[in-house]
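# Structural characterization, general
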Amino acid sequence: MLGATCLLLALVTTVSCVTQQPPNTVSEDWVWNNLHEFENYEGPFPKNIGRIYSKLHKPGNTTYILEGDGAGILFKVNPNNGSIAVYRTLDREEKTKYFLQAFVRSSISKDILGLATNFTISVSDINDNAPKFTQEVFKGSIPEMSPNGTSVLKVTAHDADDPTVGSHTKITYQLLGKEQNFIIETFSGIIRVKSPNMDREQKKDYEVFVQAKDMGTQNGGFSSTATVLISLTDINDNPPHFSHTQYKFNVSEDKIVGQEIGRVKAEDGDEGENARIIYTFIPNSNFFTIKTDANTQEGVITLKKPLDFEKLNRYKIEVEADNPTPGSWMTKTKAELLVTVLDVDEPPVFSHPFYSFSVSENQPADTQVGQVKAKDPDQARNAIQYRLKTGGSFFRIAPDSGNIYTRVSLDRETHAWHNITVTATEVSKGRVSLMIHSQALVAIKVLDVNDNAPRLKEDYRPFICERQGPGSLVQVVAAVDDDEMTTAVRFHFSLGTRDSNFTLSNNGDNTANVTVRLGGFNHKEQPRYRLPIVVSDNGRPSMSSTGSLDITVCPCDQAGEAGDCRTLRQPLTSKVNLTVLLISFLFIIILIAIVVLILYQKLQKKPVFAVMKPSEIQEQLVRYDEEGGGEMDTNSFDISVLNSLRARGPRGARGPIPETLPEVVPEPVPVYARVRKPQADMGCVVTMKKQEADSDQDLLPYDTLHMFGEEGTNSVADSLSSLGASSADSEQDYDFLSDWGPRFRMLAELYGAETPWGGSLEG
């Protein structure tokens, strides 16, 4: 088979050749055969693959020369006869064609004769590469129970051989092994379902091996294999089912509502959402509820209403399990629940949760108030014993009957209501079970009896004018009663004496008016009157009491009202709140502390003095809260001294000192020494330094103490700062300042060494 393939390749493989020639020249100097070589030839070498011939070749006088791809290494030419030989194994998958040039050269002159020719050596393909799959492992999935012919996935392989040569790259696919559930299309590589009854619950994953072979359907060729993993996805094809047809639970009758009493579980062979189960009671129960536990898919049964063994001690319920998204073939599953209620020794039960009784006050001890009743809810129906938990100081209870009696005579005005607690316990076989008991609240109202006489509401002390005439109102009086004040209570007022200059009339609203009867009062003869007033109620029996009304007679003022004695008799009352006094006192203490603190701080401060000596001028430094104020800051620098130096005007022109000096007021000696003039243009230098400082964001502000102290330390003029300097620091010339331009005119005038008349201040 391999020999036939090679022969076929030899017939279809051609060599292309193009002859290089100058324009308008036609040459037929070269003759050659078709040149080709099969790949993967392993020797022996060299192997002759063809021959080139030129009419210009003269044996002995000329030789053939070969240049181009692989010339001299892979391919060599016989210089005498033009035979082309290959010296190494070729691989078509690395290079399919080699382009070369052939020349004829004179053996004597070494010149190239005629024109060169281009030709190609083609590498013929042999089937030496097996197909390769695009993946080592293919993965696919389909729903379980998929019908026959359902596409699962497609596998793909590629062959590196020449697709134009025979069937070298014609790939076919087939499944290996005895796989019965899937098939594969021979040429497309599509895997399809063969068995329509694949059940995920029986087998979920399948491993299939696929072979890819070249040479089409012919025998032989190369092949490779790949693994295909196929998973079945779940569908809801399994109904839930109970493992038992009946579930039994025992529940105590004292179980609290909302507590769990048991669980049931239905099995479902599906997974995920298809395995979710919903439980329901058929029909709905009044005493129990069931819900699904999302984690375990169990039906959790809880108590909906309290159970009573004495009423019903057994429940039979039907529970149903279903999927929320059932399939068309799904059927529901059911089971039976038997709930048995267990008897519990329950505490006694009162006939009422709350009792309310009433009893009149002032009744003798052992007066019956009422009765409470309780019974044993259990089948034993044990006897009940009663006790008072609270209220034993005023009441007692009969242990067997539950009758409540007063222990003392009650007073409504002291306690109008009594709230007591009664406990009931069972008596079983002559023994009291104190651990099992219940209790009830009893409210006892003490009914009012008219046993308190009414009295005046206040200690009335009215004032009247001695000129008040008959019928004038003196006082409106009211009454109070310690007995129960209802809307039916009425008070009656009357005078306790007949001989009186006053009258009393009832208003009908439990008040009465006291008025002047005759008048003619004299505060000097009789300044006070005590008027007895009798107050009685309408109770049965009626109760009364006598109070007094102290009336003071006063002189009349201009308006005809009681005057001086009313004012004198008014008590001086001071109702100053204690809290206000404390706050005022605390405020005074804080104020005193603040004043002391301010005075202490003022005493601790040290004044800052600016020392001015005739021999030196120093800048006044004070402590700043912020960085320096710059040139506009005149508070810390006494600029008046500099202005005094500048007051004499600009410096005059330089010249010889006159023999006689004009009479002038002596000027102060300059505070700065003379310096030598620098040779450089200092104006440019200062401008450049200023621009550098303005553009540098990392430098400190130039009005700080640090910058002033270091300013000009590398200059020939030394530092221009006056900080720490004196008139005796140096002997330098500052005349160069006059050469720096108008900006430095003021400095030149202040620092210059010559006087306006040309003299020097230094001497």
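Below: a short report on this structure. (Residues numbered from 1 in each chain as written. Predicted model: local features only at pLDDT ≥ 70, side-chain atom pairs only at ≥ 80, totals over all residues. Heavy atoms only, no water.)

### Focus on the pattern of salt bridges
Cut-off, in case you're wondering: Any Lys or Arg side-chain nitrogen found within 4 Å of a carboxyl oxygen on Asp or Glu counts as a salt bridge. Per the convention used, a helix needs a DSSP run of H or I reaching at least four residues, while a strand needs a run of E reaching at least two, with both numbered from the N terminus.
Under the counting rule described, the total for this entry stands at 19 salt bridges. Ionic pairing is found between R263 and D293, a salt bridge with its closest N-O pair at 3.0 Å. On the criterion of sequence distance, the pair formed by R263 in strand β21 (residues 260–267) and D293 in the loop between β23 (288–292) and β24 (298–303) is long-range, its members being 30 residues apart. Through salt bridges with shared partners, one network takes in R200, E201, D234 and E271.

### Section: the packing of aromatic side chains
Our working rule: For Phe, Tyr and Trp, rings pair up if their centres lie within 6.5 Å, where Trp contributes its six-membered ring, and each pair is then called stacked (planes under 30 degrees apart), edge-to-face (over 60) or tilted (otherwise). Any residue under 20% of the maximum accessible area for its type is buried, any over 50% is exposed, and the rest in between are partly exposed; the area is computed with a 1.4 Å probe on protein chains only. The rule for a charge over a ring is simple: NZ of Lys or CZ of Arg within 6 Å of the ring centre, and within 35 degrees of the ring normal.
Following the criterion strictly, the structure yields 15 aromatic pairs and no others. Ring centres of Y41 and F45 lie 5.3 Å apart, and the angle between their planes is 85°; on these two criteria the pair is classed as edge-to-face. Relative to F521, the ring of F502 lies with its centre 5.5 Å away and its plane at 20°, an arrangement referred to as stacked. Of this pair, F502 sits in strand β40 (residues 502–506) while F521 sits in the loop between β41 (511–516) and β42 (528–537), placing them 19 residues apart in sequence. Note on accessibility: F502 and F521 belong to one class, buried. An aromatic cluster of at least three residues, connected via ring pairs, comprises F133, F138 and Y173. Above the face of the Y41 ring, K47 is positioned so that its terminal group lies 4.3 Å from the ring centre.

### Here we look at a nonpolar patch on the surface
Condition: Candidates for patches are residues over 30% relative accessible area with no salt bridge; among them, like charges are joined within 9 Å and nonpolar side chains (Val, Leu, Ile, Met, Phe, Trp, Tyr) within 5 Å. Using a 1.4 Å probe, accessible areas were evaluated by the Shrake-Rupley method; residue-level cover was limited to the displayed protein chains.
Together, F587, I588, L591, I592, V595, V596 and L599 line one region of the surface with nonpolar side chains, adding up to about 670 Å² of accessible area. Relative to the assigned elements, V596 resides in helix α3 (residues 578–604).

### Concerning the sheet that holds strand β39 (residues 491–495)
Note the threshold: Any two strands between which DSSP finds at least two bridges are classified as paired. All axes are obtained by fitting lines to C-alpha atoms, using only the stretch in contact for helices, and the reported angles, taken between N-to-C directions, cover 0 to 180 degrees.
Sheet architecture is open: 4 strands sit in the order β37-β43-β42-β39, paired in mixed fashion. Looking at which strands have only one partner, the edges of the open sheet turn out to be β37 (463–465) and β39. Shown here is a sheet whose adjacent strand axes are inclined to one another by a mean of 35°, direction ignored. The pairing of β37 with strand β43 (residues 544–554) spans 3 bridges and is parallel. Counted as the bridge partner of F463 is T552 from β43.

### Considering the pairing of strand β22 (residues 278–282)
What you see with β22 is a clean split: Y279 and F281 sit on the buried side and I278, T280 and I282 on the side with no burial. Direction of pairing for β22 relative to strand β25 (residues 314–322): antiparallel, over a ladder of 5 bridges. Counted as the bridge partner of I282 is E318 from β25.

### Digging into helix α5 (residues 682–695)
Filter applied, for reference: Multiplying 1.5 Å by the helix residue count minus one yields the expected span of that helix. What the arc covers is the set of directions going from the helix axis to the C-beta atoms.
The end-to-end C-alpha distance of α5 is 20 Å, a good match for the 20 Å that 14 residues give at a rise of 1.5 Å each. Taken together, the buried positions of α5 are occupied by M682, G683 and A693. The arc that holds every buried residue of α5, seen down its axis, measures 105°, which confines them to one face. Structural note: α5 exposes Q691 and S695 on the side pointing more than 90 degrees away from its buried face.

### Quick look at the pairing of β41
Counting buried positions along β41 gives 5 out of 6 residues, so the element sits mostly inside the fold. In the sheet, β40 pairs with β41 via 5 bridges, with the strands oriented antiparallel. What sits directly across from L504, in β41, is V514. Taken together, β40 and the strand that follows it, β41, pair antiparallel across an intervening segment of 4 residues, in which G508 is found at a positive phi of about 85°.

### Observations regarding the nonpolar core
Threshold: Residues belong to a common nonpolar core when they are buried Ala, Val, Leu, Ile, Met, Phe, Trp, Tyr or Cys residues joined through side-chain atoms within 4.5 Å. By definition, residues are in contact when any of their heavy atoms lie within 4.5 Å.
Membership of the largest hydrophobic core comes to 24 residues, with the highest contact counts inside it found for F242, V264, Y279, F288, I301 and L337. Put simply, the parts of the chain that give this core at least two residues each are β20 (246–252), β21, β22, β23, β24, β25 and β26 (333–342). Ignoring sequence-local partners within four residues, the contact set of I301 consists of F249, Q259, E260, I261, G262, V264, F281, F288, T289, I290 and L337.

### Observations regarding the side chain of E361
Put simply, the rule is: None of His or the chain ends enter the tally, which takes Lys and Arg as positive and Asp and Glu as negative. Side-chain atoms alone can form a polar contact between residues adjacent in sequence; in general such a contact is a pair of N or O atoms within 3.5 Å, and within protein one must be able to donate a hydrogen while the other accepts it.
Here E361 shows up in the loop between β28 (354–360) and β29 (368–371). Comment: no salt bridge for buried E361; closest opposite-charge side chain is R412, at 4.5 Å. Within the structure, the side chain of E361 is placed 2.8 Å from the backbone nitrogen of R412, a separation counted as a polar contact. From its side chain, E361 meets the backbone nitrogen of V449 in a polar contact 2.8 Å long. What E361 contacts, discounting residues up to four positions off in sequence, is L410, D411, R412, E413, V446, L447, D448, V449, D451 and D483.

### What to know about the environment of K334
In this fold, K334 is placed in strand β26. Judged by its relative accessible area of 44%, K334 is partly exposed. In the structure, K334 is positioned 68 residues away from A266 in sequence and 9.3 Å away in space, judged by C-alpha atoms. Every residue in contact with K334, bar those within four places of it in the chain, is listed here: F242, E318, V319 and E320.

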